[in-house]
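Okay, here's what each chain looks like letter by letter:
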Amino acid sequence: MTTSVALSPVTSAAAWRGDTLLDRQNWIYYLNEDQIGELEALGRRFVEDDPDLRFVKASDYPLSACAAAVDEWCKDIDEGCGFVLARGLRTHLYSDALSAAIYYILGLHMGDPIRQNELGDLLDHVYATSDKMLDDPDALSAKIRDLLPFHSDSSDVVALMCLRPALEGGASCIVSGAEIYNEILKRRPDLAPLLLEPFHWDWRRQDHNAPENTYVSPIVSFVDGTFSMYAGSLYILTAQDYPEVPRLTPEQKEVLELFETITYEPGMSLAMDFRPGDIQWLSNYAALHSRTRFTDFPEPQRRRHLLRLWLRRSSPRSLIPGFGKNGVVQQRYEARDQESDDTRGNFRIGVAAVPRL
């Protein structure tokens, strides 16, 4: 049974096709020498200061040469196509701690970092430590080499910094949530309203230490004319493994299948090969992201290694309450409850820059 809701297409810059953006390349921002020099100096001071990542502030490391760039990136994320790729950092000359410090400083100016797991880590790693495939129930997507389906993460902004690319493969792919929605609305207007209804999402599969099996969120939020999407059919489907979760209706299954079909149609997504030093800033409400399967170098120190930040933007977006996983993530400075062990997280940059093995 579908819900009767008057819906209209999204006409903002957030609705785009990958084959169109691929030719423009205007989503790549090249840092200049002054900006790189400023970030390197601030990063070195950050490493020397060794602040607690939970409490350090952007104002502790003010930007001058990079201030306008950060403002531009934020505007692209909030009001533009929803993402930007910043290029030019010389990470091949840095220690991983220095790279992580520069990245964290920029993240503080883009938003407020949030915890990425129940351990409390604020800086996480996309670094393969297992040969498991994604269909293994124990596989964690950031720790395997298998391809990942398109999905949203657990924050306002997800950022990835490339320290080292893969030997082969591992391209980052993104797709416009608004464009997928527009296509569903055009092809099956009877099913589109289902995207605004709540679904159960598998929390345990995303974090083995999660306090509950699932959380609840719709796929689409419309508030005050603002369109937002939170998607990833895999975790809706695996949530069906829990007996307490209501069974999906035939119509819900149909709209999820249509969603996946449109997402993977030729020309919809944009693929980019990360270079060392690249930083991808991405609005989780505007675009979904995925990764192609990859082959690693045999040496551990040469393996594909990305740093990941989850950020909460300082200017709140109009969203329905509890939209996405935002309703269950933790603040960086505050554990889930007073009894939580807050000593397990890596809150110093030198340790946080090293992946958990």
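The shown structure was predicted, so the numbers you read here are calculated from the model rather than taken from an experiment.

Reading guide: rules and limits
Residues numbered from 1 in each chain as written. Predicted model: local features only at pLDDT ≥ 70, side-chain atom pairs only at ≥ 80, totals over all residues. Heavy atoms only, no water. Salt bridge = Lys/Arg side-chain N within 4 Å of Asp/Glu carboxyl O. Helix = DSSP H or I, 4+ residues; strand = E, 2+ residues; numbered from the N terminus. Buried < 20%, exposed > 50% of the residue type's maximum accessible area, 1.4 Å probe, protein only. Polar contact = N/O pair within 3.5 Å; in protein donor to acceptor, adjacent residues only side chain to side chain. Contact = heavy atoms within 4.5 Å. UniProt positions renumbered as here; feature names shortened; annotations may be inferred. 1 Å grid on protein atoms, 1.4 Å probe; cavity = no way out; pocket = protein on both sides within 12 Å on 5 of 7 lines; lining within 4 Å. Points joined across faces, edges and corners; volume = space filled by probe spheres on them. Expected span 1.5 Å × (residues − 1). Phe/Tyr/Trp six-rings, centres within 6.5 Å; stacked < 30°, edge-to-face > 60°. Lys NZ or Arg CZ within 6 Å of the ring centre and 35° of its normal.

Caption draft 1: View of the pattern of salt bridges. Within this structure, the stated rule accounts for 19 salt bridges. When the shortest N-O distance is used, the salt bridge between glutamate 33 and arginine 90 registers 3.3 Å. Of this pair, glutamate 33 sits in helix 2 (residues 33–49) while arginine 90 sits in the loop between strand 2 (83–87) and helix 4 (96–110); the two residues are 57 residues apart in sequence, bridging distant segments of the chain. For aspartate 121, the salt bridge is made with arginine 356, and the minimal N-O distance between the two is 2.7 Å. Here aspartate 121 is found in the loop between strand 3 (112–113) and strand 4 (124–126), whereas its partner arginine 356 is found in the segment after helix 9 (349–352), with 235 residues between them in sequence. Residue arginine 356 is classed as partly exposed on the basis of its relative accessible area, which comes to 34%.

Caption draft 2: Spotlight on the side chain of serine 221. When you line up the elements, serine 221 lands in strand 11 (residues 220–223). A relative accessible area of 1% places serine 221 in the buried class. Here isoleucine 320 takes part through its backbone nitrogen, which lies 3.3 Å from a polar atom of the side chain of serine 221. Not counting residues within four places of it along the chain, the set of residues in contact with serine 221 comprises Thr226, Phe227, Ser228, Ser318, Leu319, Ile320 and Phe323.

Caption draft 3: Representation of the UniProt feature "domain: TauD/TfdA-like" (unreviewed entry) in the chain in the model. UniProt feature "domain: TauD/TfdA-like" (unreviewed entry): in the numbering of this structure it lies at residues 68–310. The straight-line gap between the two end C-alpha atoms of residues 68–310 is 22 Å; of that span, 26% is helix and 28% is strand.

Caption draft 4: Just the layout of surface pockets, in detail. Of the pockets and cavities examined, the second largest pocket occupies roughly 250 Å³. The wall of the second largest pocket is formed by 13 residues, among which Asp156, Tyr285, Ser315, Pro316 and Arg317 lie closest to the centre.

Caption draft 5: Geometry of helix 2. Spanning 17 residues, helix 2 covers 24 Å between terminal C-alpha atoms, matching the ideal 24 Å at 1.5 Å per step. Among all positions in helix 2, only Gln35, Ile36, Glu38, Leu39, Glu40, Leu42, Gly43 and Phe46 are buried. The inward-facing, buried residues of helix 2 abut strand 1 (28–30), helix 3 (67–79), helix 4 and helix 9. Its side-chain oxygen 3.1 Å from the backbone nitrogen of aspartate 34, asparagine 32 forms the N-cap of helix 2. Downstream of helix 2 by a residue or two, aspartate 50 has a phi angle that is positive, lying close to 50°.

Caption draft 6: The arrangement of the packing of aromatic side chains in detail. In the structure shown here, the tally under the stated rule is 16 aromatic pairs. Both rings, one in tryptophan 27 and one in phenylalanine 83, keep their centres 5.8 Å apart while their planes meet at 50°; by these two values the pair is tilted. Residue tryptophan 27 is located in the loop between helix 1 (18–24) and strand 1, and its partner phenylalanine 83 is located in strand 2; the two are separated by 56 residues in the primary sequence. In this pair, the class of tryptophan 27 matches that of phenylalanine 83, namely buried. Following the ring pairs from residue to residue traces out a cluster consisting of Trp201, Trp203, Tyr215, Tyr230, Tyr285 and Phe323. Directly above the ring of phenylalanine 347 sits arginine 54, whose terminal nitrogen or CZ lies 4.1 Å from the centroid. We note arginine 304 situated over the ring of phenylalanine 294; from NZ or CZ to the ring centre the distance is 4.9 Å.

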